[in-house]
Amino acid sequence: MTMKKQTKNKIDCFFTKLVDSPKLILTFGIAAFFGSSIQAQNPIVQAHFAPDPAPMVYHDTMYVYTGDDIPGFDFYYMTKWRVLSSTDMVNWTDHGVPITLESFEWARDRAWAAQCIERNGKFYWYICAQTVENNMAVGVAVSDSPTGPFKDALGKPLISNGSWSNIDPTVWIDDDGQAYLYWGNGGLFYVKLNEDMVSYSGDIESVPTTVETFGGNRENRKLGIENKDMYVEGPWFYKRNSNYYMMYAGMGKGGESLSYSMSESPVGPWKYQGKIMENQKTNSFTNHGGIIDYKGNSYIFYHTGLLPGGGSYGRAACVEQFAYNADGTIPSVNMSSEGPQPVGELNPYQRVEAETMAWSEKCAIAQNDQVGVYVSDARLKGYLKVREVNFGNKQAKSFSASLAAGVDGGILEVRLDSVAGPLVASIDLPRTGGWEKFQLFTSELTSPVTGKHDVYLCFNGHNITAGRELFNFDWWKFE
Ligand code: FUB
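This is a predicted model, so every value here is computed, not measured.

## Comments concerning the pairing of strand 27 (residues 396-404)
Here is step 1: Of all 9 residues making up strand 27, 8 are buried, and the element is well covered by its neighbours.
Here is step 2: Relative to strand 30 (residues 439-449), strand 27 runs antiparallel, the two sharing 7 bridges. Counterpart to Ala 401 in the pairing with strand 30 is Phe 441.
Here is step 3: Bridge count for strand 27 against strand 32 (residues 469-478) is 6 bridges, and the pairing is antiparallel.

Structure follows, in structure tokens:
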């Protein structure tokens with residue numbers, strides 16, 4: 001792992017030089033990638049960092065399990081894991097932080113990549129973290145719900161053998177019911193999980209990462225063998241039709257690519273297929289992805305360091321739609337700011353959590369025991385954009401929102417189709433008795449609303465300085 005850190009830092013520096021200087025290029029790169037943030041859809045969450053996205057589909061909903069980067073440190077300093085969900089692939093609901101390092105008594109640091117899977121109505125979230133013995137281990141938390149609460153299933157790691165390679169678990173249950181857990185940095189390993197999903201049978205198997213199987217490995221590089229790729233870390237194991245796939249972080253020019261291998265069996269032999277996603281000047285050395293089908297489409301999740309304030313240690317989840325080739329191979333996929341097309345609509349006549357949004361600026365996400373997750377720290381000129389809101393022909397006449405403000409002066413404005421679009425409702429907030437004392441406020445609409453719109457919930461205020469917190473926001477609905 002020391003080697004990993006050194007290697008990463010070395011290449012990070014190279015990459016940073018390549019991309020960061022002159023600063024203009026980076027600014028241009030980010031602007032070009034995001035386009036105008038009004039149009040942008042990637043990264044899927046902007047209120048915080050969310051690296052190492054691991055998708056899971058359950059009951060018609062796409063869930064994405066991520067880490068949480070804390071930029072400002074010279075390493076992957078991470079302390080918690082997050083969950084998001086979507087039913088339309090453009091609006092994402094933030095479910096906050098169901099587990100942290102404290103959830104695992106044996107864990108000390110480095111809350112790194114993880115993946116969750118459902119079996120018999122229980123959800124198993126495989127995580128990796130640094131142990132008190134100072135190596136990396138894989139653990140598992142269990143819950144009755146995809147969003148928690150989760151609890152350490154074992155009170156000790158599931159995979160722990162003193163190695164620094166024990167990171168990035170990925171799990172798949174095969175058609176015959178046999179579950180496989182793969183993981184590994186520098187090398188690729190697997191065990192056969194027992195039906196309880198929290199124990200395994202047999203030995204830990206090591207998978208050869210040759211030029212033929214995974215495009216090569218670190219040893220090839222050390223020997224000076226010319227490779228275009230190699231297995232680095234971040235495996236993502238799954239089966240589709242009769243093919244088994246292993247996507248992983250490979251090595252691109254100046255940073256990690258997403259590469260893949262295929263096999264006719266869950267345990268290999270693997271055949272290297274090439275790169276799906278080259279490192280495309282994402283301002284992050286790593287890439288870490290997941291692939292999944294949802295509502296008849298195929299999606300690849302990955303991360304970049306392009307969110308303002310981000311970088312190699314401030315990464316955020318993105319997603320693209322793609323189609324498999326007829327023979328089951330995966331085409332090369334480009335990163336975009338637009339992301340996928342919507343595959344659903346949002347009903348404004350039901351309670352909509354404020355933390356369900358397609359894009360946000362100048363706000364954060366918080367949670368407490370009373371209301372759960374909510375949008376916090378709304379600041380002047382910030383907003384939430386909610387896409388594909390279908391008012392139908394009912395002629396919505398009023399708008400209600402649950403808001404909290406420790407001091408008055410904040411205004412919540414509801415606009416249609418852009419931050420400068422028609423103002424349809426406005427709530428002038430008094431003090432509610434505290435920043436977590438939520439109250440319901442209602443505003444009549446300036447004119448009835450029908451049809452499909454993007455709704456902008458804009459943060460305004462009376463004579464307020466830009467940095468001041470305006471209000472916290474729990475949920476909204478039209479009537
Ligand atoms: O997020 C920390 C580590 O960086 C992950 O475990 C790796 O896959 C890489 O993304």
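## Some points on the packing of aromatic side chains
Here is step 1: Taken as a whole and assessed by the stated rule, the structure comprises 34 aromatic pairs.
Here is step 2: When the ring of Tyr 245 is compared with that of Tyr 324, the centres are 5.7 Å apart and the planes differ by 65°; the resulting orientation is edge-to-face. Here Tyr 324 lies in the loop between strand 20 (316-322) and strand 21 (352-353) and Tyr 245 lies in strand 15 (residues 243-252), a separation of 79 residues in the sequence. There is no split in this pair, since Tyr 245 and Tyr 324 are both buried.
Here is step 3: When the ring of Phe 322 is compared with that of Tyr 324, the centres are 5.0 Å apart and the planes differ by 55°; the resulting orientation is tilted.

## Quick word on the site of the ligand
Here is step 1: Around the ligand there are 11 residues in total, and Asp 52, Ala 113, Asp 168, His 288 and Arg 315 lie nearest to it.
Here is step 2: The side chain of Asp 52 places a nitrogen or oxygen atom 2.5 Å from an oxygen atom of the ligand.
Here is step 3: One of the side-chain nitrogen or oxygen atoms of Arg 315 is found 2.7 Å away from an oxygen atom of the ligand.
Here is step 4: Burial of the ligand by the surrounding chains reaches 100%, relative to a free accessible area of 270 Å².
Here is step 5: Residues belonging to the shell around the ligand are distributed by class as follows: 3 nonpolar, 3 polar and 5 charged.

## Details of the sheet that holds strand 18 (residues 290-294)
Here is step 1: Spatially, 18-19-20 is the arrangement adopted by the 3 strands of the open sheet, whose pairing is antiparallel. Pairing within the sheet leaves two strands with one partner each, and these edge strands are strand 18 and strand 20. Sheet twist, expressed as the average angle between the axes of neighbouring strands with direction ignored, equals 30°.
Here is step 2: Sheet topology note: the strand 19 (residues 297-304)/strand 20 ladder contains 7 bridges and is antiparallel.

## Regarding the pattern of salt bridges
Here is step 1: Going through the model one piece at a time under the given rule, you end up with 15 salt bridges.
Here is step 2: The shortest N-O distance in the salt bridge between Lys 452 and Glu 345 comes to 3.1 Å. Taken together, the positions of Lys 452 in strand 31 (residues 452-461) and Glu 345 in the loop between strand 20 and strand 21 put the pair 107 residues apart, joining distant regions of the chain.
Here is step 3: Judged by its relative accessible area of 43%, Lys 452 is partly exposed.
Here is step 4: In this structure Glu 345 comes out as partly exposed when scored by relative accessible area, which is 45%.

## Some words on the domain arrangement of the protein chain
Here is step 1: Taken domain by domain, the protein chain consists of domain 1 (3-28 + 41-322) and domain 2 (352-478).
Here is step 2: For domain 1 and domain 2, the distance between their C-alpha centroids amounts to 34 Å.
Here is step 3: Here domain 1 packs against domain 2, burying approximately 1200 Å² in sum over the two surfaces, 49% of which is carbon and sulfur.
Here is step 4: Among the residues of domain 1 in contact with domain 2, Gln 46, Ala 47 and Asn 91 are the three that bury the most area, contributing 40% of the side total.
Here is step 5: On inspection of domain 1 and its partner domain 2, the count reaches 0 salt bridges.
Here is step 6: Remark: the boundary between domain 1 and domain 2 carries 9 residue pairs in polar contact (both at pLDDT 80 or more).

## Some points on the nonpolar core
Here is step 1: Residues Trp 81, Trp 125, Tyr 126, Leu 181 and Ile 291 are the most contacted members of the largest nonpolar core, which totals 69 residues.
Here is step 2: With 7 residues, the single largest contributor to this core is strand 7 (residues 122-131).
Here is step 3: Ranked by size, the runner-up nonpolar core spans 40 residues in total, among them Ile 365, Ala 396, Val 424 and Val 449.

## Overview of the pairing of strand 1 (residues 54-58)
Here is step 1: Counting buried residues along strand 1, 4 of its 5 residues qualify, which places the element largely inside the surrounding structure.
Here is step 2: Adjacent in sequence and paired antiparallel, strand 1 and strand 2 (residues 61-66) are bridged by 2 residues, among which His 59 carries a positive phi angle near 50°.

Cut-offs applied
The numbers attached to residues start from 1 for each chain and follow its sequence in the written order. Per-residue local features are limited, in this predicted model, to residues with pLDDT of at least 70; the limit for side-chain atom pairs, both in listing and counting, is 80 or more; totals at the level of whole chains, interfaces and linings are taken over all residues. Water and hydrogen atoms play no part in the side-chain values, which are based on all heavy atoms of the structure. Between buried and exposed lies partly exposed: a residue is buried under 20% and exposed over 50% of the maximum accessible area for its type, with that area taken using a 1.4 Å probe on protein chains only. By definition, any uninterrupted DSSP run of H or I lasting at least four residues is a helix, any uninterrupted run of E lasting at least two residues is a strand, and each is numbered from the N terminus. In this description, strands pair whenever DSSP reports at least two bridges between them. Stacked, tilted and edge-to-face are the three classes applied to pairs of Phe, Tyr and Trp rings, where Trp contributes its six-membered ring and a pair requires centres within 6.5 Å; stacked means planes under 30 degrees apart, edge-to-face means over 60, and tilted covers the rest. Working definition: residue near molecule or strand if any one of its non-hydrogen atoms lies within 4 Å of it. Two N or O atoms form a polar contact when they lie within 3.5 Å of each other; inside protein one atom must be a possible hydrogen donor and the other a possible acceptor, and for residues adjacent in sequence the pair counts only when both atoms belong to side chains. Using a 1.4 Å probe, the Shrake-Rupley method yields the accessible areas, and only the shown protein chains count as cover for residues. In the scheme used here, Gly and all other residues not listed as nonpolar or charged are polar, with Ala, Val, Leu, Ile, Met, Phe, Trp, Tyr, Cys and Pro taken as nonpolar and Asp, Glu, Lys and Arg as charged. Axis angles are defined between N-to-C directions and span 0 to 180 degrees, where every axis is a line fitted to C-alpha atoms and, for a helix, only to the segment in contact. Whenever a carboxyl oxygen of Asp or Glu lies within 4 Å of a side-chain nitrogen of Lys or Arg, that contact is scored as a salt bridge. Domain extents, as shown, originate in an automatic or database domain assignment. The buried area of a pairing is the accessible area, by a 1.4 Å probe, that goes missing from both parts when the two are put together, added over both. Residues enter a nonpolar core if they are buried and are Ala, Val, Leu, Ile, Met, Phe, Trp, Tyr or Cys, with the set joined through side-chain atoms within 4.5 Å.

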